[in-house]
Amino acid sequence: QVQLVESGGGLAQPGGSLRLSCAASGFTFSRSDMSWYLQAPGKERELVATITSNGGYTNYGESVKGRFTISRDNGKNTVYLQMSSLNAEDTAVYYCSARAPVSRFSNAYVRYWGQGTQVTVSS
């Protein structure tokens, strides 16, 4: 029932841009902080960016700061990652993730993950 469906990945040239989208359903998106993570081959998964439920706060990993922008549209239940100035180091699987309340008025949260979308930066 819970779904996080990433799209927009693919092949990009160095210096180019991509915009990833994550369409969410099956939970209360507007009450959920959303994040993007990446996992490069042979490496641990790491945080790319996070955005609070109302969009009031964002945080970025050091490697993408100044190049990537996370945003969300609560009316569309969608979170985005605008990726600019791409380089080969950005090549990874990018995962959308939600920190969702387990129920109405709950102070407990659950982490959901999308299936991931491959981003490859190559000339």
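Before reading further, recall that the structure is shown in the block above.
Our subject in this report is the structure included herewith. (Residues numbered from 1 in each chain as written. Predicted model: local features only at pLDDT ≥ 70, side-chain atom pairs only at ≥ 80, totals over all residues. Heavy atoms only, no water.)

Sheet architecture is open: four strands sit in the order β1-β3-β8-β7, paired in antiparallel fashion. Looking along the sheet, the strands with just one partner apiece sit at the ends: β1 (3–7) and β7 (68–73). Taking the axes of each pair of neighbouring strands and ignoring which way they run, one obtains an average angle of 15° across the sheet. Of the pairings in the sheet, the one linking strand β3 (residues 18–25) to strand β8 (residues 78–83) comprises six bridges and is antiparallel in character. In the strand pairing of β8, A23 is matched with T78. (Pairing = 2+ DSSP bridges. Helix = DSSP H or I, 4+ residues; strand = E, 2+ residues; numbered from the N terminus. Axes fitted to C-alpha atoms, helices over the stretch in contact; angles between N-to-C directions.)

Residues F68, I70 and R72 line the buried face of β7, whereas the alternating positions T69, S71 and D73 sit on a face that is not buried. As judged from the six bridges shared by β7 and β8, these two strands associate in the antiparallel manner. Of the residues in β8, the one forming a bridge with R72 is V79. If you look at the hairpin formed by β7 and β8, you'll find four residues sitting between the two strands, and N77 has a positive phi there, around 50°. (Buried < 20%, exposed > 50% of the residue type's maximum accessible area, 1.4 Å probe, protein only.)

With that settled, the discussion passes to the pairing of β3. Pairing geometry for β1 and β3, over five bridges, is antiparallel. Paired with V5 across the two strands is A23, which belongs to β3.

Considering all chains together, one arrives at one disulfide under this definition. A disulfide bridge connects C22 with C96, and the sulfur atoms are separated by 2.1 Å. Around the S-S axis, the bridge from C22 to C96 shows a dihedral of about -80° and counts as left-handed. One end of the pair, C22, is in strand β3; the other, C96, is in strand β9 (residues 92–101), with 74 residues separating them in the sequence. Take C22 and C96: they sit in the same class, and that class is buried. (Disulfide = S-S within 2.5 Å.)

Let us look at the nonpolar core. Among the nonpolar cores identified, the biggest contains 30 residues, and M34, W36, V48, V79, L81, M83 and Y94 are the most heavily contacted of them. Residue assignment for this core shows that the elements contributing at least two residues are β3, β4 (33–39), β5 (46–51), β7, β8, β9 and β11 (117–121). Looking at this core element by element, the count peaks at five residues for β9. Beyond its immediate stretch of four places on either side in the chain, L81 contacts L18, R19, L20, W36, V48, A49, F68, T69, I70 and Y94. (Core = buried A, V, L, I, M, F, W, Y, C linked by side-chain atoms within 4.5 Å. Contact = heavy atoms within 4.5 Å.)

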